[in-house]
Amino acid sequence: MNTENPTLSTASAGTAADEQRIRELVVRAQAAQTDPDALLALHTANVVIVNLVGRRLFGRDAFASAMTQALSSPLKDIRTSMEVDDIQFTTPDVAVVSLTKTVHDEREGVEGSSTLPSTGVLTYVLTRQGDDWLIALAQTTPIH
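Residues numbered from 1 in each chain as written. Predicted model: local features only at pLDDT ≥ 70, side-chain atom pairs only at ≥ 80, totals over all residues. Heavy atoms only, no water.

**A closer look at the pattern of salt bridges**
Stage number 1. Applying the stated criterion across every chain, the model contains five salt bridges.
Stage number 2. Where R128 meets D18, a salt bridge forms, and the shortest distance between an N and an O atom there is 2.8 Å. Separated by 110 residues along the polypeptide, R128 in strand β5 (residues 119–129) and D18 in helix α1 (residues 16–31) bring together distant segments of the chain.
Stage number 3. The partly exposed category is assigned to R128, whose relative accessible area is 23%.
Stage number 4. Of the charged contacts, one joins R23 and E19 as a salt bridge, the two residues approaching to 3.2 Å between their closest N and O atoms. Taken together, the residues span about one helical turn, with R23 and E19 both in helix α1 at a distance of four residues.
Stage number 5. Counted as one network, the salt bridges with shared partners bring together D18, R21, D93 and R128. (Salt bridge = Lys/Arg side-chain N within 4 Å of Asp/Glu carboxyl O. Helix = DSSP H or I, 4+ residues; strand = E, 2+ residues; numbered from the N terminus. Buried < 20%, exposed > 50% of the residue type's maximum accessible area, 1.4 Å probe, protein only.)

Structural data, given as structure tokens:
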């Protein structure tokens, strides 16, 4: 039993292969930031996204629309990098991934005065789909 949260059992821990696939998913998501087709394929159809500024999107279609808008605006010059801090398996087919997100604002004329925080904590809830994992929820909380 998990002593911090007795409702979670460590019996549902994932395998080393699961953890590796999850880490690879994070790498693929980071690499696909400007490729809507590749990024959307890493998410479930009913994904929920809450971005760094608190905008919440329901479903892959809403995410696709928001991503298309962002990539046709100066937001296309904002990149993020992610570092996995922790992976917890709540069941064999569900994982909660805690990450640190760093924002790299490369927009012209902003010169460090961006209103975006430079770091945030990102939580993914992943579900197993066959032999792979997909993002069912992505919640980013800014660190001020």
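**Let's talk about the environment of Q88**
Stage number 1. Residue position: Q88 is located in strand β3 (residues 78–91).
Stage number 2. When neighbours within four sequence positions are excluded, Q88 is seen to be in contact with V94, A95 and V96.
Stage number 3. At 3.0 Å, the side chain of Q88 forms a polar contact with the side chain of D86. (Contact = heavy atoms within 4.5 Å. Polar contact = N/O pair within 3.5 Å; in protein donor to acceptor, adjacent residues only side chain to side chain.)

**Some words on the nonpolar core**
Stage number 1. Counting residues in hydrophobic clusters, the biggest one holds 27 residues, and the most contacted among them are I22, V97, L99, Y124 and L126.
Stage number 2. In this view, V97 contacts I22, V84, D86, I87, L122, T123, Y124 and L126; residues no more than four positions away in its chain are not counted. (Core = buried A, V, L, I, M, F, W, Y, C linked by side-chain atoms within 4.5 Å.)

**Description of the environment of T68**
Stage number 1. With respect to the secondary-structure elements, T68 resides in helix α3 (residues 60–71).
Stage number 2. Here the alpha-carbon distance between T68 and T34, two residues 34 residues apart in the chain, equals 9.3 Å.
Stage number 3. Within the structure, the side chain of T68 is placed 2.9 Å from the backbone oxygen of A64, a separation counted as a polar contact.

**Overview of the sheet that holds β3**
Stage number 1. Ordered by their spatial adjacency, six strands build an open sheet running β2-β1-β6-β5-β4-β3, and the pairing between neighbours is mixed. If you trace the sheet from one side to the other, it starts and ends with β2 (56–58) and β3, each paired once. Each strand axis lies, on average, 20 degrees off the axis of its neighbour in the sheet, ignoring direction.
Stage number 2. Looking at chain direction, strand β1 (residues 43–50) and strand β6 (residues 132–143) are connected through four bridges and run parallel. Bridge pairing in β6 places H43 opposite I135.
Stage number 3. Against the sheet, α1 touches β3, β4 (94–105), β5 and β6, its axis set at about 160 degrees to β3. (Pairing = 2+ DSSP bridges. Axes fitted to C-alpha atoms, helices over the stretch in contact; angles between N-to-C directions.)

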